[in-house]
Amino acid sequence: MDLDALVQHIPLTVEPASLQDTSSDWERLSRALHARLDGRPVQPTLAALRDLGSALRRGEWHVRALLADVGETWRAVRVESAEGASGWFGLAIDLGTTTVVAELVDMGTGRRRASRLAYNAQRKFGTDVTSRMMYAERPGALAELRQAALSSLNDLIAGLCAEANAEPRDLVAAVVGGNTVMIHLLLGLDPSSIRREPYVPATTIFPVLDATEVGMGIAEGAPLYILPAASGYVGGDVTAGLLATHIADEEPLSILIDIGTNGETVLGNREFLLAVSGSAGSAFEGCGLEWGMAAQPGAIDRVWIEAGKVAYGTIGDEPPRGICGSGLIQALGSLLQAGAIDRAGKVNLAGPGARRHENHPEIVISPASENAVGRDIGLRQGDVENLIRDKAALYAGSRVLLASAGLTFDAVDRILIAGNFGQSLEIEQAVRIGLLPDIPRERIHFIGNSSLAGARAALLSRADWRRAGEIAASITCLELTVEPHYFEEYTAALFLPHTDLSLFPSSTY
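Residues numbered from 1 in each chain as written. Predicted model: local features only at pLDDT ≥ 70, side-chain atom pairs only at ≥ 80, totals over all residues. Heavy atoms only, no water.

Caption draft 1: Inspection of empty space enclosed by the protein at higher detail. Tallying each qualifying case throughout the model produces 3 cavities of 30 Å³ or more. Here the largest cavity defines a volume of roughly 200 Å³. Lining of the largest cavity is provided by 22 residues; of these, Asp94, Asp237, Asp258, Gly260 and Glu285 occupy positions nearest its centre. Residues that form the lining of the largest cavity fall into these classes: 3 nonpolar, 14 polar and 5 charged. The volume enclosed by the second largest cavity comes to roughly 40 Å³. If you go around the second largest cavity, the residues you meet are Thr99, Phe284, Glu285, Met293, Ala294, Ala295, Cys324, Gly325 and Asn420. (1 Å grid on protein atoms, 1.4 Å probe; cavity = no way out; pocket = protein on both sides within 12 Å on 5 of 7 lines; lining within 4 Å. Points joined across faces, edges and corners; volume = space filled by probe spheres on them. Nonpolar A, V, L, I, M, F, W, Y, C, P; charged D, E, K, R; others polar.)

Rendered as structure tokens:
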């Protein structure tokens, strides 16, 4: 692929110093760069200045400069002798409320060299953004939350470097997509105004920062690019998803549903973009469930009923450790179809895998003898109810968006489902439980982690980075708390699939 990455590799031959020309090393390098660039000035990082003199002389005035496009100027991240030049990599990061996912990308080829997922260490302070914003108002708590986010990132960075046999100094740029609250907490910005009307953040557009100044363990002076947000609750992760899917550049009318802790939904095309965000989706990421987990090896990602018994599969075919989002969706759909739960989500104790345990109805999916944790893995009555609440919020959000535009699902050309599910999301079961509308299945597509994909696209394309800013500025955000029909839509969706079965004509119950 032809790359035009945010960090450019510029080989140079610099005029040697002499008694006739005693200009500084930086002046000499600047002159050589001027002929290769677009007229914007170049500002050196301290790391580049420290390397400069020895690199010029060791390389006999042949060097490689790594320059980052930071808007009005270029930033010289590093200068190396041509012979001693090391690898140069970038980081694409999805900083989620529940999980953090990162990729190490070769900036010369665009190829992914390593990828990792971990839980966000902020989870101990609350499973959703509201609880973390409330915690941040305690004395010293904002610093705690910031450090937790940094520890998650730096642990991932160390693991990526080990996997790719790279050094932290080889990581010369990072692009982060995340919801607005997560970015505020990463930077130590007070998020309290996002929690209160009129829900205004400190900023939605972020300068290109020094990643090491922020606290990330990568090359000294490496730029940190943060994807812009649209509002306090429609963040840079949504911008990244729109960038990756090209919804804002194409004619088909699309809905993008990011099933994460905030449950953002966007309706639009190249003519308009409408977005809402609701506190929904955390159950499908495993939060608040007895056995919920991220899509990692050992997660149950497929559930079905076979010969009257619950059957399952796991990521990597490893012994079960919990259930990820795709497994939860398939479990609800399969159990509903088999009569193990009813349309209100009540567990039928006569159904497959059902029992009463510690005064709670539950359905066992993986017996203790078959898994890696030595305890029965399953869904409790409360887990089922949490999942139904979250799917209701997501479906209601889509209905409100369409109503605001005077449209119905029939007008939608495609629905794109984003999230950390693993690769086994079964569309039919998602429709069966009312998470997705009952439209022709070929219009529904699972696209994986769109925030990460958008961060990667921006890292490898300066045009895409600029386009991200345009996309964020073009989004119109609706506030669900003041939408008159939202609560009515939400309440109606608190059944499987819905109270109005005419909305789901292809399914039988």
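Caption draft 2: View of the environment of Ala307. Note on placement: Ala307 falls in the loop between strand E14 (299–306) and strand E15 (309–314). The exposed category is assigned to Ala307, whose relative accessible area is 79%. (Helix = DSSP H or I, 4+ residues; strand = E, 2+ residues; numbered from the N terminus. Buried < 20%, exposed > 50% of the residue type's maximum accessible area, 1.4 Å probe, protein only.)

Caption draft 3: Highlighting the packing of aromatic side chains. Applying the stated criterion to the full structure yields 6 aromatic pairs. Ring geometry for Tyr225 and Trp465: centres 5.2 Å apart, planes at 75°, overall edge-to-face. Residue Tyr225 is found in strand E10 (residues 223–226), and its partner Trp465 is found in helix H13 (residues 462–474); the two are separated by 240 residues along the sequence. A relative accessible area of 18% places Trp465 in the buried class. Ring pairs connect the aromatic residues Tyr395, Phe409 and Phe504, which therefore count as one cluster. (Phe/Tyr/Trp six-rings, centres within 6.5 Å; stacked < 30°, edge-to-face > 60°.)

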